[in-house]
Amino acid sequence: MAIILGIESSCDDTSAAVCKDGKILSNFIASQKIHEEYGGVVPELASRAHIQNIVPVVDTALKKAGISKKDIDAIAFTQAPGLIGSLLVGAQFAKSMALALHIPLIAVHHMQAHVLANIIPSGENDADPKPTFPFLCLTVSGGHTQIVLAHSPLHLEVLGQTIDDAAGEAFDKTAKLLGLPYPGGPLIDKYAKEGNLDAFVFAKPQIPNLDFSFSGLKTSVLYFLNKEKQKDSDFVEKNKMDLCASIQKTIIDILMKKVKKAVEQTGIHQVCIAGGVSANSGLRNAFTELGRKHGWKTFCPPFQYCTDNGGMIAITGYYKFLENNFTDLTVSPTARAAW
Ligand code: KG4
Ligand code: ZN
């Protein structure tokens, strides 16, 4: 039997979760509102908010799980990648707590954890079907876009990734061009539901292999808006829904084309999505539909495990715990890290 506390603090969400024998007993997330007025995450403010949040967040996660500190067998934390100041808060807290409780410490890679969010048991009595290994995962977050081949919980292989902006950045940066507040992704999702997907056509990249590019979309949208605004200064306001729908469709098309290619190349028909952008309703529908059309088994994590969360850190920590994959107290977080 193993009880793992998972701590996530890589960006602007402070989160803690408790995992018992591969099941999540609690997953508590404190999002930071302070960044909205700046139009993006301000790293120094994020670190300070983590410092304020971390004790009550861990306390709440333990209480919700009905677990006391002395029951914890190991502490898992996000070691990389992320904002260095934010990572440091979680890492120092995890180290101090592990030292005080005389229990092992587990370093977790944030991107690996996003993928493993797909194997967290969910639904009433864990009824939702989960993928079995090997499976493919399209991980789409604010900082990364990857296609991953998951051989086993701890053996993940990146088959392709973005060469510039991430899919989440494409949402957030184009939303900013439309005058929407940060983070723009969820708002584009909301307005896109009311708009015409085919109202406007934006350029799509031609990138070989399983890699992605999203920086061209932002330029394409900027160029188009400037042109239209010269004719009608209210163009964006009048066409907000259609613009959101067309931008979202372009991003989804780029992503789905590569997922299809990855399935064809690997012959693996179990496919997952992960990361903050996997909360997008248009993407979830398009992905599920593509799977149905081609006879794949598709999996979308529950919303609470899409954006950054302690649950995915705790489940990854659990699989590392089973292999005695511990780290010592000299470990430091790193902003960038290969797998
Ligand atoms: O995984 P995540 O919480 O943090 C990182 O590791 O980056 O992802 C955050 C990203 C942001 O870019 C945000 O706009 C995007 O996920 N996002 C969405 C939606 N919810 C979050 N993008 C599109 N539609 C959504 N519903
Ligand atoms: Zn993330």
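Reference entry: report on the structure contained in this document. In this text the structure is predicted, and so the values were computed from the model without any measurement. (Residues numbered from 1 in each chain as written. Chains lettered and ligands numbered in written order. Predicted model: local features only at pLDDT ≥ 70, side-chain atom pairs only at ≥ 80, totals over all residues. Heavy atoms only, no water.)

Turning our eyes to something else, we now look at the packing of helix 6 (residues 215-231) against helix 8 (residues 240-266). Helix 8 packs onto helix 6 with a crossing angle of 155 degrees between their chain directions and a minimal axis gap of 11 Å. Taken together, the axis directions place helix 6 and helix 8 in an arrangement best described as roughly antiparallel. Between helix 6 and helix 8 lies a crossing of right-handed hand. In contact with Leu217, Val221, Phe224 and Leu225 of helix 6, helix 8 contributes Leu243, Ile247, Thr250 and Ile251. Residues that form the contact of helix 6 with helix 8 fall into these classes: 7 nonpolar, 1 polar and no charged. (Axes fitted to C-alpha atoms, helices over the stretch in contact; angles between N-to-C directions. Helix = DSSP H or I, 4+ residues; strand = E, 2+ residues; numbered from the N terminus. Parallel < 35°, antiparallel > 145°, perpendicular 65-115°, else oblique. Left-handed = near helix turned anticlockwise from the far one by under 90°. Contact = heavy atoms within 4.5 Å. Nonpolar A, V, L, I, M, F, W, Y, C, P; charged D, E, K, R; others polar.)

Turning our eyes to something else, we now look at the site of ligand 1. Close to ligand 1 lie 19 residues, the nearest being Gly142, Asp172, Asp189, Gly276 and Asn280. The side chain of His110 places a nitrogen or oxygen atom 3.2 Å from an oxygen atom of ligand 1. Gly276 is positioned with one of its backbone polar atoms (N or O) 3.0 Å from an oxygen atom of ligand 1. Within the complex, the protein chains bury 88% of what would otherwise be the 550 Å² of accessible surface of ligand 1. Within the residue set of the shell around ligand 1, elements represented by two or more residues are helix 3 (110-116), helix 4 (167-177) and helix 5 (184-192). A class-by-class count of the residues in the shell around ligand 1 yields 5 nonpolar, 11 polar and 3 charged. Taken domain by domain, the shell around ligand 1 gets at least three of its residues from each of domain 1 (3-120 + 307-322) and domain 2 (135-300). (Near = heavy atom within 4 Å. Polar contact = N/O pair within 3.5 Å; in protein donor to acceptor, adjacent residues only side chain to side chain. Areas by Shrake-Rupley, 256 points an atom, 1.4 Å probe, with all protein chains shown as cover. Domains from an automatic or database assignment.)

Our next topic: the packing of aromatic side chains. Aromatic ring pairs are reported here in terms of the distance separating the ring centres and the angle at which the planes meet. Scanning all chains against the criterion turns up 8 aromatic pairs. On the numbers, 5.8 Å between centres and 65 degrees between planes, the contact of Phe200 with Phe235 is edge-to-face. Highlighted residues: Phe200 in the loop between helix 5 and helix 6 and Phe235 in helix 7 (residues 235-238), separated in sequence by 35 residues. Per residue, the accessibility class of Phe200 equals that of Phe235, and both read buried. For the pair Phe321 and Phe326, a centre-to-centre distance of 5.8 Å together with 65 degrees between the ring planes defines the contact as edge-to-face. Judged by relative accessible area, which is 34%, Phe326 ranks as partly exposed. Among the aromatic side chains, those forming a connected cluster through ring pairs are Phe200, Phe202, Phe224 and Phe235. Sitting over the ring of Tyr191, Lys240 keeps its end group 4.4 Å from the ring centre. (Phe/Tyr/Trp six-rings, centres within 6.5 Å; stacked < 30°, edge-to-face > 60°. Buried < 20%, exposed > 50% of the residue type's maximum accessible area, 1.4 Å probe, protein only. Lys NZ or Arg CZ within 6 Å of the ring centre and 35° of its normal.)

Moving on to the pattern of salt bridges. Taken as a whole and assessed by the stated rule, the structure comprises 16 salt bridges. In this structure, Arg48 engages Glu44 in a salt bridge whose closest nitrogen and oxygen atoms are separated by 3.2 Å. With Arg48 and Glu44 both in helix 1 (residues 43-65), this residue pair falls 4 residues apart, about one helical turn. Across the pair Asp253 and Lys204 runs a salt bridge whose closest N-O atoms are separated by 3.2 Å. Of this pair, Asp253 sits in helix 8 while Lys204 sits in the loop between helix 5 and helix 6, and the two are 49 residues apart along the sequence. On the accessibility criterion, Asp253 (27% relative accessible area) is partly exposed. By relative accessible area, which is 42% here, Lys204 ends up partly exposed. Several salt bridges converge on common partners, so that one network encompasses Asp165, Glu169, Lys173 and Lys218. (Salt bridge = Lys/Arg side-chain N within 4 Å of Asp/Glu carboxyl O.)

Our next topic: the coordination of the zinc ion (ligand 2). Around a metal, the ideal angle is 109.5 degrees if four donors adopt a tetrahedral arrangement and 90 or 180 degrees if six donors adopt an octahedral arrangement. Protein coordination of the zinc ion (ligand 2) is provided by His110 (NE2), His114 (NE2) and Asp308 (OD), with donor distances spanning 2.0 to 2.1 Å. Between the 4 donor atoms coordinating the zinc ion (ligand 2), the angles at the centre fall across 94 to 143 degrees, so the site counts as irregular. Taking the relative accessible area as the measure of exposure, His114 reaches 0% and is therefore buried. (Donors = N, O, S within 2.8 Å, 3.2 Å for Na, K, Ca; no water. Tetrahedral: all angles 85-135°; square planar, octahedral: opposite > 155°, others 65-115°.)

Our next topic: the sheet that holds strand 5 (residues 105-109). The mixed open sheet is built from 5 strands, whose spatial order is 3-2-1-4-5. Two strands close off the open sheet at either side, each with one partner strand: strand 3 (23-31) and strand 5. Between one strand and the next, the sheet's axes are offset by a mean angle of 20 degrees, whatever the strand orientation. Relative to strand 4 (residues 74-80), strand 1 (residues 3-8) runs parallel, the two sharing 4 bridges. Residue pairing across strands places Ile7 opposite Phe77, the latter belonging to strand 4. Running at roughly 155 degrees to strand 4, helix 2 (residues 84-101) makes contact with strand 1, strand 4 and strand 5 of the sheet. Along the sheet face, helix 10 (residues 310-322) touches strand 1, strand 2 (13-20), strand 3, strand 4 and strand 5 and points at about 135 degrees away from the line of strand 1. (Pairing = 2+ DSSP bridges.)

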